[in-house]
Amino acid sequence: MSRQSYRKEKNQLVYTQQHLANERTYLAWIRTAISIVGVGFLATSLHFTMGIVRNPFVDLFTVFLGIFSCVFGLVIIFTATRTYREKRQQIIQETFYSSNLRIRMISTMLSMMIIMVIIYFFIIM
């Protein structure tokens, strides 16, 4: 570690608010991931406990929705962790790079999940 990077890392008290904001953002992403996984479990468990429609296609679609929500939750957790670490380094190095690609990816996956839930409701009606 160079002397300048050591000095920057040591003087991070100046950037306390940025670090705390980064941590709050990370925790918000984690809460979002937990909520998305919960929605998948809720949809799957309600479908199989209520037994409204006993159609193999609908059953398979519901299981896929549950698995998709779990995978989506994991993607959010890994993405949030990586983004947190990168933002931490950017704060230390006094630089900033936007997270456009990750935001678009998560927005696309969330849109897909919402469309699947809508399709599910139309199928069971």
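Everything below is about the structure printed above this text.
Here's what I pulled together on the structure shown here. Not measured: the values here are computed from a predicted model.

### Points about unusual backbone geometry
- A positive phi angle, close to 60 degrees, is found at glutamate 94, a residue other than glycine.
- Its place among the elements puts glutamate 94 in the loop between α3 (56–93) and α4 (100–124).

### Here we look at the packing of helix α2 (residues 16–50) against α4
- Packing of α2 against α4 leaves a shortest axis separation of 12 Å and a crossing angle of 20 degrees. Classified by the angle their axes make, α2 and α4 are roughly parallel. The element α2 and its partner α4 pack so that their crossing is left-handed. Taking contact as the criterion, the partners of Trp29, Ile36, Val39, Gly40 and His47 in α2 are, on α4, Ile103, Ile106, Leu110, Met113 and Tyr120.
- Of the residues contributing to the contact of α2 with α4, the split by class is eight nonpolar, two polar and no charged.

### Overview of the environment of arginine 88
- With respect to the helices, strands and loops of the structure, arginine 88 is situated in helix α3.
- The class of arginine 88 is partly exposed, set by a relative accessible area of 34%.

### So, a nonpolar patch on the surface
- Together, Phe48, Val63, Ile67 and Val71 line one region of the surface with nonpolar side chains, adding up to about 320 Å² of accessible area.
- For the nonpolar patch, the leading source of residues is α3, giving three residues.
- Residue placement: phenylalanine 48 occurs in helix α2.
- Under the relative-accessibility criterion, phenylalanine 48 is labelled partly exposed at 36%.

### Side note on the nonpolar core
- Formed by 15 residues in total, the largest nonpolar core has its most connected members in Phe68, Phe72, Ile76 and Met113.
- Elements represented by at least two residues in this core include exactly α2, α3 and α4.
- Once residues lying within four places of it in the same chain are set aside, the contact partners of isoleucine 76 are Trp29, Thr32, Ala33, Ile36 and Ile106.

The rules we used
Residues numbered from 1 in each chain as written. Predicted model: local features only at pLDDT ≥ 70, side-chain atom pairs only at ≥ 80, totals over all residues. Heavy atoms only, no water. Helix = DSSP H or I, 4+ residues; strand = E, 2+ residues; numbered from the N terminus. Axes fitted to C-alpha atoms, helices over the stretch in contact; angles between N-to-C directions. Parallel < 35°, antiparallel > 145°, perpendicular 65-115°, else oblique. Left-handed = near helix turned anticlockwise from the far one by under 90°. Contact = heavy atoms within 4.5 Å. Nonpolar A, V, L, I, M, F, W, Y, C, P; charged D, E, K, R; others polar. Buried < 20%, exposed > 50% of the residue type's maximum accessible area, 1.4 Å probe, protein only. Patch = residues over 30% accessible without salt bridge, like charges linked within 9 Å, V, L, I, M, F, W, Y side chains within 5 Å. Areas by Shrake-Rupley, 256 points an atom, 1.4 Å probe, with all protein chains shown as cover. Salt bridge = Lys/Arg side-chain N within 4 Å of Asp/Glu carboxyl O. Core = buried A, V, L, I, M, F, W, Y, C linked by side-chain atoms within 4.5 Å.

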